[in-house]
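For reference, the chains in residue letters:
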Amino acid sequence: MASTLPDPQPDTHRADDAPPASGRAGRIEAHGIDRIPETERHGKARELFSVWAAANVNYLSLVVGGALILMGLSLGQAIAVLVVGNLFWVLTGFLAVSGPAAGAPSEVITRAIYGILGNRVNNAIVGWTISVCYFALNLSAAAVAAFSLVEKAGIPATTGVKIAVVVVIAALTLTISVYGHAMIMKLYLPITLVLAAVFAVVAVGVVGHADFSYTPAEPLTGVDLWATLIAGVTLIASGPLSYTTSADFSRYLPSATSKKAIVGWTALGGFVPSMIVCSLGAFAATAVDMTDPQTALEKILPGWFTPVFLLALVLGTVSLNALTAYSAGLALQAVGLRIRRSVSVLFDGAAAVALTLYALLVSNFLDTVSNVLQLTVVLLGPSMAVYATDILLRRNRYDGLALTDETRGSTFWYTGGVNRAGALALTAGTAAAALCVNTLYTGPLARALHGVDLALPVGICVASAVYALMTRRA
């Protein structure tokens, strides 16, 4: 395994931080999965904060925070779970340092881990399929809020109207994704400020009604308490773990950018807003029934504010899904389809819209998808662990040019196009996690532990250990 690659030499250094004409917000991004030359690198690590903050001030964070109380935790226990679960944003930030090092997105950097052909399979499953399902779930959540907004405007939410609403929200999302990185960097700071202002009003209403001494009528104890605490941490951690693609948004930074700054601003951008919004969800659940969060929150918010709140829910989901669609488009290119990034993003959007419409209008398919996605931590935990371990073993030295070579003579062709260390580590970690899971089914190890679900820590530890051992042996 090429674990001692030399530091890639920059082409030249820009005299200022202004983006080149091809990388400005008003132009469709020209780059896809190709390497970003040093002459086109620009920006500061602190700009990453607003990217991740805008994606985490959203409706789903409120729902997840309220879910912790519904699971039977006290308010204090729920806050502790939020802190532990959101600390996984540090891992998301750590993966982001590979972007400037390689000048490439995560979908290409992982060729070093799985091999040229093995990585195509990895991108097809971890990169594209899961991303499209998340896109559909988030789009559905935004659509439900928009349906309420339409009805408040006096327009009946007929099937035709619902289809139009879904398409409009998807179109707004995909517009950002198609224009790409520069548009995301320009829009997400004002989006973050707008969402922060709206949720500040929400905070006033929620805090005024919250019971800060809340404990459930029948407090959990013993094994049941530990099982619920671990399940809550896994639920919260699934958010940062779903962003194994954080290098996609840092790869335009100059290669000399401080690694600590990249980790810090990315982690803070995810941690701070997620903690605040999830906590608001938990606070609200001590006063109202959060099984129907939208209706429940309307009871404790000013009447005039409801339309603003609904619009903010839609805006937050658009910003979240724009990142998801952007990375899904890169994943589709990395699978091997020779299409422009902008076209791949539109393909992702079409698939997600089809899933959303089927889920909302035809069946309860959304429930099925939601349940399946609860299992994604079984795959995403080991995937992120292997990626992080590779960064450590290589000391974050990635040759961006070598990573773009997909021929049989490539440094990263390995054996038959597959790096066995990466493939076996991911398989072993996923298998170990599957034995410990207690979600849609109860694995044998979870059953032996009376329902305690250790899928997240076990999957991460096994995948990382197997990859490190096999790589050192190689």
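Data block above holds the structure.
Source: prediction; values computed, not measured. (Residues numbered from 1 in each chain as written. Predicted model: local features only at pLDDT ≥ 70, side-chain atom pairs only at ≥ 80, totals over all residues. Heavy atoms only, no water.)

## A short note on the overall build of the chain
Item 1. Scanning the chain for helices and strands turns up 21 helices and zero strands.
Item 2. Computed over its C-alpha atoms, the radius of gyration of the chain comes to 22 Å, within 12% of the 23 Å expected for a compact globule of 474 residues.
Item 3. Its C-alpha atoms give the chain principal-axis dimensions of about 65 × 55 × 40 Å.
Item 4. For the chain, with 474 residues in total, the buried portion stands at 55%.
Item 5. As displayed, the chain offers around 18800 Å² of accessible surface, 66% of which is attributable to carbon and sulfur atoms.
Item 6. Each charge sign in the chain was given a centre, from 27 positive and 25 negative side chains, and these centres are 9 Å apart. (Helix = DSSP H or I, 4+ residues; strand = E, 2+ residues; numbered from the N terminus. Rg over C-alpha atoms; globule rule 2.2 N^0.38 Å. Buried < 20%, exposed > 50% of the residue type's maximum accessible area, 1.4 Å probe, protein only. Areas by Shrake-Rupley, 256 points an atom, 1.4 Å probe, with all protein chains shown as cover. Lys, Arg positive; Asp, Glu negative; His and termini not counted. Charge placed at Lys NZ, Arg CZ, Asp CG, Glu CD.)

## Re empty space enclosed by the protein
In this approach, a probe sized like a water molecule rolls over the atoms, and the result shows the empty space that is left.
Item 1. By the definition in use, this model includes four cavities of 30 Å³ or more.
Item 2. Taken as a whole, the largest cavity spans an internal volume of roughly 110 Å³.
Item 3. Lining the largest cavity are S106, E107, T110, Y114, N122, N123, V126, G127, T244, T245, S383 and Y387.
Item 4. At the level of secondary structure, the elements contributing two or more residues to the lining of the largest cavity comprise helix 6 (106-109), helix 8 (116-152) and helix 17 (377-394). (1 Å grid on protein atoms, 1.4 Å probe; cavity = no way out; pocket = protein on both sides within 12 Å on 5 of 7 lines; lining within 4 Å. Points joined across faces, edges and corners; volume = space filled by probe spheres on them.)

## Comments concerning helix 17
Item 1. The end-to-end C-alpha separation of helix 17 is 25 Å, in line with the 26 Å expected for 18 residues at 1.5 Å each.
Item 2. Counting buried residues along helix 17, 17 of its 18 residues qualify, which places the element largely inside the surrounding structure.
Item 3. Looking one or two residues past helix 17, R395 carries a phi angle of roughly 55°, positive in sign. (Expected span 1.5 Å × (residues − 1).)

## Examining the environment of A54
Item 1. Following the sequence through the fold, A54 ends up in helix 1 (residues 47-56).
Item 2. In the structure, A54 is positioned 264 residues away from V318 in sequence and 9.6 Å away in space, judged by C-alpha atoms.

## Here we look at a nonpolar patch on the surface
Item 1. On the surface, V83, V84, L87 and V90 cluster together to form a nonpolar patch covering roughly 300 Å² of accessible area.
Item 2. Here V90 shows up in helix 4 (residues 89-96). (Patch = residues over 30% accessible without salt bridge, like charges linked within 9 Å, V, L, I, M, F, W, Y side chains within 5 Å. Salt bridge = Lys/Arg side-chain N within 4 Å of Asp/Glu carboxyl O.)

## Points about the packing of aromatic side chains
What describes a pair of aromatic rings is the distance from one ring centre to the other and the angle between the planes of the rings.
Item 1. Counted under the stated rule, the structure contains 12 aromatic pairs.
Item 2. Members of the aromatic cluster, joined through ring pairs, are W52, W89, Y243, F249 and Y326. (Phe/Tyr/Trp six-rings, centres within 6.5 Å; stacked < 30°, edge-to-face > 60°.)

## Digging into the state of the cysteines
Item 1. Counting across every chain of the model gives zero disulfides.
Item 2. Left unpaired, C436 is separated from the closest cysteine sulfur, that of C461, by 11 Å. (Disulfide = S-S within 2.5 Å.)

## Some details on the packing of helix 1 against helix 10 (residues 181-209)
Item 1. It is at 8 Å that the axes of helix 1 and helix 10 come closest, and there the two elements cross at 60°. Between helix 1 and helix 10, the angle is such that the two are oblique. Judged by the sense of rotation from one axis to the other, the crossing of helix 1 with helix 10 is left-handed. Residue-level contacts link E47, S50, V51, A53 and A54 of helix 1 to I184, M185, Y188, L189, I191, T192 and L195 of helix 10.
Item 2. Of the residues contributing to the contact of helix 1 with helix 10, the split by class is nine nonpolar, two polar and one charged. (Axes fitted to C-alpha atoms, helices over the stretch in contact; angles between N-to-C directions. Parallel < 35°, antiparallel > 145°, perpendicular 65-115°, else oblique. Left-handed = near helix turned anticlockwise from the far one by under 90°. Contact = heavy atoms within 4.5 Å. Nonpolar A, V, L, I, M, F, W, Y, C, P; charged D, E, K, R; others polar.)

## Comments concerning helix 14 (residues 306-335)
What sets the pattern is the α-helix's 3.6 residues per turn: residues three or four places apart point alike.
Item 1. With 30 residues, helix 14 should cover 44 Å at 1.5 Å per step; its first-to-last C-alpha distance of 43 Å lies within 8% of that length.
Item 2. Judged by how many residues are buried, helix 14 sits mostly within the fold: 25 of 30 residues are covered.
Item 3. Of the residues trailing helix 14, G336 is marked for its positive phi of about 130°.

## Considering the packing of helix 1 against helix 14
Item 1. Remark: helix 1 packs on helix 14, axes separated minimally by 7 Å, with the N-to-C direction vectors making an angle of 125°. Compared by their axis directions, helix 1 and helix 14 come out oblique. In terms of crossing hand, the pair formed by helix 1 and helix 14 is left-handed. Contacts between helix 1 and helix 14 involve V51, W52, A54 and A55 from the former and G316, S319, L320 and L323 from the latter.
Item 2. Tallied by class, residues from the contact of helix 1 with helix 14 come to six nonpolar, two polar and no charged.

## Structural notes on the pattern of salt bridges
Item 1. Within the structure shown, the criterion is met by eight salt bridges.
Item 2. Between R120 and E406 there is a salt bridge; the shortest N-O distance is 2.8 Å. With R120 in helix 8 and E406 in the loop between helix 18 (400-403) and helix 19 (420-436), the pair connects residues that are 286 residues apart, well separated along the chain.

## Some thoughts on the side chain of S61
Item 1. Mapping S61 onto the fold places it in helix 2 (residues 59-70).
Item 2. Excluding its chain neighbours within four sequence positions, the residues that come into contact with S61 are N56, V277 and C278.

## A word on the environment of N56
Item 1. On the secondary structure map, N56 appears in helix 1.
Item 2. Separated by 226 residues in sequence, N56 and A282 place their C-alpha atoms 16 Å apart.
Item 3. In this structure N56 touches S61, W89, G269, G270, P273, S274 and V277, once residues within four positions along its chain are discounted.
Item 4. Within the structure, N56 has its side chain in polar contact with the backbone oxygen of W52 (distance 2.7 Å). (Polar contact = N/O pair within 3.5 Å; in protein donor to acceptor, adjacent residues only side chain to side chain.)

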